Structures are given as structure tokens and as C-alpha cells.
Amino acid sequence: MATSISPAPAQQRPRQPSTTGSGVTFGRVLRSEWIKVTTVPSTVILIASTVVVMVGLAALFAWSLTIMAQSINDPSVPAEFQAPTEGPGSAAFQALTTPSSGLVFGQLLIASLAVVLIASEWATGMIQSTMVAVPKRTPALLAKAVIVAVVAFLVGFASAFLSYLIAQLILQSENLDFALTEDGVFASVINTGTFLALVAVISMSIGILLRNTAGGVVTAVGIFFVLPIIVQLISGLADWIPDAARFLPADAGTQMVAVTTADEALTQWEGGLVMGAWALVLLVVALVTAKKRDV
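These numbers come from a predicted model, not from an experiment.

*Asks:* Explain the overall build of the chain to me, please; I cannot follow it from the model alone.
*Replies:* The helix and strand tally for the chain stands at 11 helices and zero strands. Reading the helices (α) and strands (β) of the chain from amino to carboxyl end gives α-α-α-α-α-α-α-α-α-α-α. By residue count, 39% of the 295 residues in the chain fall in the buried class. Contacts spanning at least 24 positions in sequence make up 73% of the contacts within the chain whose residues lie at least 6 apart.

Set out below in C-alpha cells:
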């Protein structure tokens, strides 16, 4: 009896492992950094506090302007103490700056937050885990800078917009309220967020360079707050000092959010370019330095 022999099964090729969804991409690094920032309770509380304080300062400023406007028609107030009814010193003119009036406090908190977020990783040793997950240092640090800048922009824009809305409720009692479409007002609201984003990049770059939380915060505060005061005190020593002071980050940032600018001052665009140059140069220096150093 003949037996049929079935053909031998064809040899199957080994299945290649799927590469779909694997690997470290810049998008995934961004997502992980976003999770880091938004899931730490202390960071979220600090961000919310920044918004609340900036809006609160704007409300106080608007209230002070209504008092100023009331003093104009008050016969009990001496004429030399009354505010002008028009021009840069008038209440109506200053009212246009209420959306960005809390920026001084906002940049302090954002600068401190940006330094802490990066310098604390070196202090705790977490930076080693970060570099193991993302072996290339530049994408890892760049992703941190991008996320911090985005958070700072959202904080600044939201604070300025809420400040505008709340200020209108206060200012309308003295007919000082104004439309968002007034010349320079909406640009000031946008640039409040842009300025804080650039402050965050500059401060994070300082944190990368120093790798020390306290030293980074002190340096950032010195650049944005102490240095302008020192320059103002010594401005009379030489004619070139006031001209050079216009290119400091704090002065350039002030021009970014200004509704109108004086003839001799930087314009909003020029102030933004100066701030952008500071942020870009410091970030490049920080990334190059971090690439050459040991973790």
C-alpha cells in the first residue's frame, strides 16, 4: 500500500520586530516634560498663585486709578496734588496699562519656577534618570525649555486677559474703562505672555549653567530686578550708560508690553527682539555647556 508523503512545510522567515511606536522622539520627550510640570502639586499651586496675584495687583491698580480720577474733581485736594486730566500721567492713559500691571510680580515667580524646575534635577540626582531615558542631552533640555516657555506664556496671557476683564468692572465707575481693541492694548496682553515665556527661557538657561537652585534664583532676580536699579543709580556717570540700559532684559521687556513708547525708547518690536536675543544666546550657551559637562 503506497503512502502519500505530504510536502514539507515551507520555512517561515523570522518575523521582524515592529518598530511602530517605539523609540525616543522629541514629541514624546515634550509630553513627558509636560506631565512632569503639570502633575507636581507644588508647581501647579505656584502657577495658580501667579495668576491670582497678577490679577489681584491689576485690580488694585485699577482701584487706585479710580481714586486718582475722583481727586480731580475734589475741591478739598490741592491743585498741586491733583493728577493731570490728559497725557501719560492721566488716569485714563494709565488705565490702558492695567492688563500688564502685575507683570513685575509675575516675572519674579516665573523666573524662580524656571530655575527650580531644572536646577532641582541636579540637586536631587533626577537628571541622571532623565539622561538615561533621553541619551541625547540637547533634546532633553530643549524640551524642558519649550514646556516651561509654553506654561509661562499661558500664565502671562491668561493673567493679562483676566486682569483686563476685572479692571473694566472697576474702572467703569469713573468712565475709565476701555475696549480691548484700543491701540496697543491687545498687543500688550499678548506680549505679557511672550515676555514671561522669554523670562522662563532665560532663567532656565541660567539654571542649566549654574546647576544650583539658590544660585540660579539669585542670579535671575539680579538680572531682572537688581541690575536695572544699579544701572539707574550710576546712569549719571556716563552718557552711554542710559543708552546701553535700554538693551537690558528688564528694560526691553518693559517696552514689549508698553501700550505706547517714547521717541527715544525701544519700540514693542525692538524690545521683543532684544529679549529674544538674550533668551536665544543664553539657551545656546547653556545647551553647549551641558553637552560638554558630566551629568
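*Asks:* Can you walk me through the packing of helix α10 (residues 249-257) against helix α11 (residues 268-292) in this structure?
*Replies:* In a pair of packed helices, the angle between the axes and the distance between the axes together describe the arrangement. Viewed as axis vectors pointing N to C, α10 and α11 meet at an angle of 140°, and their least axial separation amounts to 7 Å. Of the possible angle classes, the one that applies to α10 and α11 is oblique. As for the relative orientation of α10 and α11, their crossing is left-handed in sense. In contact with P249, A252, G253, Q255 and M256 of α10, α11 contributes Q268, G271, G272, V274, M275 and W278. Grouping the amino acids of the contact of α10 with α11 by side-chain chemistry returns six nonpolar, five polar and no charged.

*Asks:* Before we go on, may I ask you to explain the nonpolar core in this structure?
*Replies:* Soluble, globular proteins show a tendency: their nonpolar side chains are buried together. By size, the foremost hydrophobic cluster in this structure holds 54 residues, and its most contacted members are L141, F195, I202, M204, I208 and M275. Sorting elements by how many residues they give to this core places helix α7 (residues 185-210) first, with 11 residues.

*Asks:* Could you clarify how one ought to interpret the confidence of the model for the chain in this entry?
*Replies:* Should pLDDT be low for a region, the predicted coordinates there are not to be read in detail. Here the chain averages 84 in pLDDT, and 85% of its residues register 70 or above. The low-confidence segment residues 16-20, where pLDDT is below 50, has zero contacts with residues more than four positions distant or belonging to other chains.

*Asks:* Any chance you could explain the environment of L266 here in plain terms?
*Replies:* Counting through the fold element by element, L266 comes out in the loop between α10 and α11. Looking at L266, the relative accessible area reads 6%, which means it is buried. Separated by 11 residues in the primary sequence, L266 and Q255 place their C-alpha atoms 6.4 Å from one another. The contacts of L266, once residues within four sequence positions are left out, are R246, F247, Q255, T261, G271 and V274.

*Asks:* Before we go on, may I ask you to explain a nonpolar patch on the surface in this structure?
*Replies:* Taken together, the side chains of F26, W34, I35, V146, V150 and L154 define a hydrophobic patch exposed on the protein surface, amounting to about 470 Å² of accessible area. Of all elements in the fold, only α1 (26-39) and α6 (137-171) reach the threshold of two or more residues within the nonpolar patch. Along the chain, W34 turns up in helix α1. Note on W34: relative accessible area 36%, which makes it partly exposed.

*Asks:* Could you clarify how one ought to interpret the pattern of salt bridges in this entry?
*Replies:* Side-chain pairs of opposite charge can arise where the charged atoms are in close proximity. In this structure the tally under the stated criterion is four salt bridges. One salt bridge in this structure joins E33 and K144, with 3.1 Å as the shortest N-O distance. Within this pair, whereas E33 is found in helix α1, its partner K144 is found in helix α6, the two being separated by 111 residues in sequence. Across this residue pair, the class does not change: E33 and K144 are buried. In this structure, the salt-bridge partner of E121 is K144, at a minimum N-O distance of 2.5 Å. Taken together, the positions of E121 in helix α4 (residues 103-124) and K144 in helix α6 put the pair 23 residues apart, joining distant regions of the chain. The same class applies to E121 and to K144, which are both buried. Several salt bridges converge on common partners, so that one network encompasses E33, K36, E121 and K144.

*Asks:* What exactly am I supposed to notice about the packing of aromatic side chains here?
*Replies:* To describe a pair of aromatic rings, you give the distance between the ring centres and the angle between the ring planes. Taken as a whole and assessed by the stated rule, the structure comprises three aromatic pairs. Their ring planes at 10° and their centres at 6.3 Å tell us that F157 and F161 sit as a pair that is stacked. Here F157 and its partner F161 are both found in helix α6, four residues apart, which amounts to about one turn of the helix. Aromatic pair Y164 and F178: ring centres 5.5 Å apart, planes at 65°, arrangement edge-to-face. Highlighted residues: Y164 in helix α6 and F178 in the loop between α6 and α7, separated in sequence by 14 residues. Since its relative accessible area comes to 9%, Y164 is described here as buried. A residue is classified by how much of its surface remains accessible, and F178, at 9% relative accessible area, is buried. Put simply, the rings of F153, F157 and F161 touch in pairs and so form one group of aromatic residues.

Cut-offs used in this document
Residues numbered from 1 in each chain as written. Predicted model: local features only at pLDDT ≥ 70, side-chain atom pairs only at ≥ 80, totals over all residues. Heavy atoms only, no water. Helix = DSSP H or I, 4+ residues; strand = E, 2+ residues; numbered from the N terminus. Buried < 20%, exposed > 50% of the residue type's maximum accessible area, 1.4 Å probe, protein only. Contact = heavy atoms within 4.5 Å. Axes fitted to C-alpha atoms, helices over the stretch in contact; angles between N-to-C directions. Parallel < 35°, antiparallel > 145°, perpendicular 65-115°, else oblique. Left-handed = near helix turned anticlockwise from the far one by under 90°. Nonpolar A, V, L, I, M, F, W, Y, C, P; charged D, E, K, R; others polar. Core = buried A, V, L, I, M, F, W, Y, C linked by side-chain atoms within 4.5 Å. pLDDT = per-residue confidence, 0-100. Patch = residues over 30% accessible without salt bridge, like charges linked within 9 Å, V, L, I, M, F, W, Y side chains within 5 Å. Areas by Shrake-Rupley, 256 points an atom, 1.4 Å probe, with all protein chains shown as cover. Salt bridge = Lys/Arg side-chain N within 4 Å of Asp/Glu carboxyl O. Phe/Tyr/Trp six-rings, centres within 6.5 Å; stacked < 30°, edge-to-face > 60°.

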